[in-house]
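Analysis of the macromolecular model
Here are the chains, one letter per residue:
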Amino acid sequence: MEINYPKLKSTLESLGYGVTCFNTAEDATDYLDEKIRNKTVGFGGSVTLEQMGLYDRLAFNNEVFYHRRLPGGKTPRDVCNDAKDTQVYISSVNGLAQTGEIVNIDGNGNRIASILYGHEDVYFVIGKNKIAENYEQTLWRVQNIAAPKNAQRVKAKTPCAVHADKCYNCSGPNRICRTMSVMYGPPFHSNFEIILVQEELGF
Ligand code: SF4
C-alpha cells in the first residue's frame, strides 16, 4: 500500500496532532533524545521503542519508567503505576488509519489508560507497517496482525500464538485482547505528537 505521507500529516494535523516525519528510526531517536530532557517519562510496552533503543537514550537525561526494565525491588505493576504519573508518555500504536483513527489493543490496559489521560506530552512512534488505508482495515490489522504477533511474542497459550496468522477470537483466561481504544483525535489537555517513521517498526 502506498502511503501518502504529506496527506497523512495534513489529516492528522487537522485533527489536532503535532506530526513529525523521519526517514529512519535512528533520526527519530535522535529527535526525541534532543527534545526530551530533564523530564519524568513513562513508556508503554512497545517493540518499536525497543528496536529504537529509546529507553537507553532517554534514560541518560531523564527519569524513565518502563515495566520491561525493572529497577531493583520494583514489580511491573509498580513501574506501570510510576509511568502513569509522568510528565511525558511514549508509546507506539497498534494501528493508524490514513483517515486519522488510532487503534490500540491491550491486555493490562496500562498503555491505553496512560495514553488517554494524565500526561503533559504524549508521543506516538509509528512505523510504516502500522498504517492502513481506513478504519476498517486498521481494525483488521490490529486484530489479525498486531495482536497475534504480540501473543506469539509473549508465548501466550492462545490459538493465534501458534502461527501468528490471524485472530481466532478466543475466550478464556489466556486471551490477551482485553481492552481496545479508538482515538478519533487527541484528548483535551495533553499535547500529542505523532512521529511517523518511513521504516518498518514493531508489529
Ligand atoms: S482474541 Fe485471542 S485469538 Fe484473537 S488475537 Fe486476541 S488472543 Fe489471539
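The rules behind each value
- Residues numbered from 1 in each chain as written.
- Predicted model: local features only at pLDDT ≥ 70, side-chain atom pairs only at ≥ 80, totals over all residues.
- Heavy atoms only, no water.
- Phe/Tyr/Trp six-rings, centres within 6.5 Å; stacked < 30°, edge-to-face > 60°.
- Helix = DSSP H or I, 4+ residues; strand = E, 2+ residues; numbered from the N terminus.
- Buried < 20%, exposed > 50% of the residue type's maximum accessible area, 1.4 Å probe, protein only.
- Lys NZ or Arg CZ within 6 Å of the ring centre and 35° of its normal.
- Near = heavy atom within 4 Å.
- Nonpolar A, V, L, I, M, F, W, Y, C, P; charged D, E, K, R; others polar.
- Polar contact = N/O pair within 3.5 Å; in protein donor to acceptor, adjacent residues only side chain to side chain.
- Pairing = 2+ DSSP bridges.
- Core = buried A, V, L, I, M, F, W, Y, C linked by side-chain atoms within 4.5 Å.
- Contact = heavy atoms within 4.5 Å.

Another point: the packing of aromatic side chains. In this structure the tally under the stated criterion is six aromatic pairs. Here Phe 43 and Tyr 55 contribute two aromatic rings whose centre-to-centre distance is 6.1 Å and whose plane-to-plane angle is 85°, an arrangement assigned as edge-to-face. Of this pair, Phe 43 sits in strand 2 (residues 40-43) while Tyr 55 is found in helix 4 (residues 54-59), placing the two residues twelve residues apart along the sequence. In this structure, Phe 43 and Tyr 55 share a single accessibility class: buried. Centroid distance Phe 43 to Tyr 66: 5.4 Å. Interplanar angle 55°. Geometry classified as tilted. With Phe 43 in strand 2 and Tyr 66 in the loop between strand 3 (63-65) and helix 5 (76-83), this residue pair connects regions lying 23 residues apart in the sequence. The exposure class assigned to Phe 43 is buried, which follows from its relative accessible area of 1%. Taking relative accessible area as the criterion, Tyr 66 reaches 2% and is therefore assigned buried. Put simply, the rings of Tyr 17, Phe 124 and Phe 192 pair up and form one aromatic cluster. The side chain of Lys 166 reaches across the aromatic face of Tyr 168, ending 4.9 Å from its centre.

What follows is about unusual backbone geometry. Look at Asn 38: it is not a glycine, yet its phi comes out positive at around 55°. You can see Asn 38 is positioned in the loop between helix 2 (25-35) and strand 2. For Lys 155, which is not a glycine, the phi torsion comes out positive at approximately 55°. With respect to the element layout, Lys 155 can be found in the loop between helix 7 (135-153) and helix 8 (160-163). We classify Lys 155 as exposed; its relative accessible area is 70%.

A word on the site of the ligand. Near the ligand the following residues occur: Gln 143, Ala 147, Thr 158, Cys 160, Cys 167, Tyr 168, Asn 169, Cys 170, Arg 175, Ile 176 and Cys 177. Here the shell around the ligand is built from residues that sort into seven nonpolar, three polar and one charged.

Time to look at the environment of Lys 9. Within the secondary structure, Lys 9 is located in helix 1 (residues 5-15). C-alpha of Lys 9 to C-alpha of Leu 139: the two residues are 130 residues apart in sequence and 20 Å apart in space. Of note is the side chain of Lys 9, whose polar atom sits 2.8 Å from the side chain of Glu 13.

Quick look at the pairing of strand 7 (residues 121-127) now. Among the seven residues of strand 7, seven are classified as buried, and the element is accordingly described as predominantly covered. Both faces of strand 7 are covered, namely the face carrying Asp 121, Tyr 123, Val 125 and Gly 127 and the face carrying Val 122, Phe 124 and Ile 126. Two elements, strand 4 (residues 88-91) and strand 7, share four bridges in a ladder whose sense is parallel. Note on strand 7: the bridge partner recorded for Tyr 89 is Val 122. For strand 7 and strand 10 (residues 191-197), the ladder comprises seven bridges, and the chain directions are parallel. For Phe 124, the partnering residue across the bridge sits in strand 10 and is Ile 194.

Our next topic: the nonpolar core. Phe 124 and Leu 196 are the most contacted members of the largest nonpolar core, which has 22 residues in total. Ignoring anything within four residues of it in the chain, the contact list for Leu 196 reads Tyr 5, Leu 8, Leu 12, Val 19, Thr 20, Cys 21, Phe 22, Leu 96, Ile 126 and Ile 131. With 21 residues, the next largest nonpolar core counts Ala 28, Met 52, Tyr 55 and Tyr 123 among its residues.

Turning our attention to the side chain of Thr 29. The residue Thr 29 is located in helix 2 in this model. Setting aside residues up to four positions removed in sequence, Thr 29 forms contacts with Met 52, Leu 54 and Arg 57.

Attention now moves to the pairing of strand 4. Residues of strand 4 alternate between two faces, with Val 88 and Ile 90 on one and Tyr 89 and Ser 91 on the opposite face, all of them buried. Strand direction decides the pairing type here: strand 2 and strand 4, joined by three bridges, are parallel. Within strand 4, the residue paired with Gly 42 across the bridge is Tyr 89.

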